[in-house]
Amino acid sequence: QVQLVESGGGLVQPGGSLRLSCAASGMIFSINAMGWYRQAPGKQRELVANIISGGSTNYTDSVKGRFTASRDNAKNTVYLQMNSLKPEDTAVHYCNAKIWGYGASRPRDYWGQGTQVTVSS
């Protein structure tokens, strides 16, 4: 009933930029937080950045100053602008949203399908 659709991954050289987008659709009453996680081969999934409904944004230390998360509440969409990309940013990036459905007693976690970001020369 709720879908997260991602776009914008790909292959980029070190120092390059990419912009990820994620749109939520379906039976959505409200969204608490939207953000991005990533998982590199052999590693655990980690938070990259998220935006809470009040506007506060959190970043993992390794991307501070390089990545910028933004959110369009009218479109239920979250973006991740990634600049100065490094090979260690290579991972599958997943959109996440904590969503209240109509009549729900608590918000639920929803995940996108994942988009590959590869940083390589």
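Note: the structure precedes this text.
This structure is a prediction, so every number in the text was calculated from the model and none was measured.

**Q** Would you mind showing me how to read the overall build of the chain here?
**A** Each helix and strand counted, the chain has zero helices and 11 strands in total. In the chain, the succession of α and β elements from N to C terminus is β-β-β-β-β-β-β-β-β-β-β. For the chain, the C-alpha radius of gyration of 14 Å lies close to 14 Å, the compact-globule estimate for 121 residues. Structurally, the chain occupies a C-alpha span of about 50 × 25 × 25 Å along its principal axes. Across the 121 residues that make up the chain, the buried fraction comes to 39%. Pairs at least 24 residues apart make up 56% of the contacts formed inside the chain by residues separated by at least 6 positions.

**Q** What am I meant to see in the nonpolar core here?
**A** The nonpolar side chains of soluble globular proteins are, as a tendency, buried together. With 27 residues, the main nonpolar core has Leu-4, Trp-36, Leu-80, Met-82 and Ile-99 as its most contacted residues. Every element with two or more residues in this core is listed here: strand 1 (2–7), strand 3 (18–26), strand 4 (30–39), strand 5 (46–52), strand 7 (67–72), strand 8 (77–82), strand 9 (91–100) and strand 11 (115–119). Broken down by element, the residue count for this core peaks at four residues, all from strand 3. Aside from chain neighbours lying at most four places away, what touches Ile-99 is Val-2, Leu-4, Ala-24, Ile-28, Ser-30, Ile-31, Pro-107, Arg-108 and Tyr-110.

**Q** Can you help me understand the environment of Asn-73 in this one?
**A** With respect to the helices and strands, the residue Asn-73 is situated in the loop between strand 7 and strand 8. Here Asn-73 falls in the partly exposed class, since its relative accessible area comes to 48%. In the structure, Asn-73 is positioned 61 residues away from Val-12 in sequence and 29 Å away in space, judged by C-alpha atoms.

**Q** Honestly, the pairing of strand 11 in this entry has me stumped. Any pointers?
**A** The alternating pattern of strand 11 places Thr-115, Val-117 and Val-119 on a buried face, while none of Gln-116 and Thr-118, on the opposite face, is buried. Across three bridges, strand 9 lies against strand 11 in antiparallel orientation. By the bridge assignment for strand 11, Val-92 is matched with Gln-116.

**Q** Can you walk me through the state of the cysteines in this structure?
**A** Throughout this description, disulfide means a covalent bond between two cysteine sulfur atoms. If you walk through the whole model with that rule in mind, you get one disulfide. Sulfur-sulfur distance for the disulfide between Cys-22 and Cys-95 comes to 2.0 Å. Torsion about the S-S bond of the Cys-22 and Cys-95 cystine: about -80°, corresponding to left-handed handedness. Linking Cys-22 in strand 3 with Cys-95 in strand 9, this pair joins segments that are 73 residues apart in sequence.

The rules we used
- Residues numbered from 1 in each chain as written.
- Predicted model: local features only at pLDDT ≥ 70, side-chain atom pairs only at ≥ 80, totals over all residues.
- Heavy atoms only, no water.
- Helix = DSSP H or I, 4+ residues; strand = E, 2+ residues; numbered from the N terminus.
- Rg over C-alpha atoms; globule rule 2.2 N^0.38 Å.
- Buried < 20%, exposed > 50% of the residue type's maximum accessible area, 1.4 Å probe, protein only.
- Contact = heavy atoms within 4.5 Å.
- Core = buried A, V, L, I, M, F, W, Y, C linked by side-chain atoms within 4.5 Å.
- Pairing = 2+ DSSP bridges.
- Disulfide = S-S within 2.5 Å.

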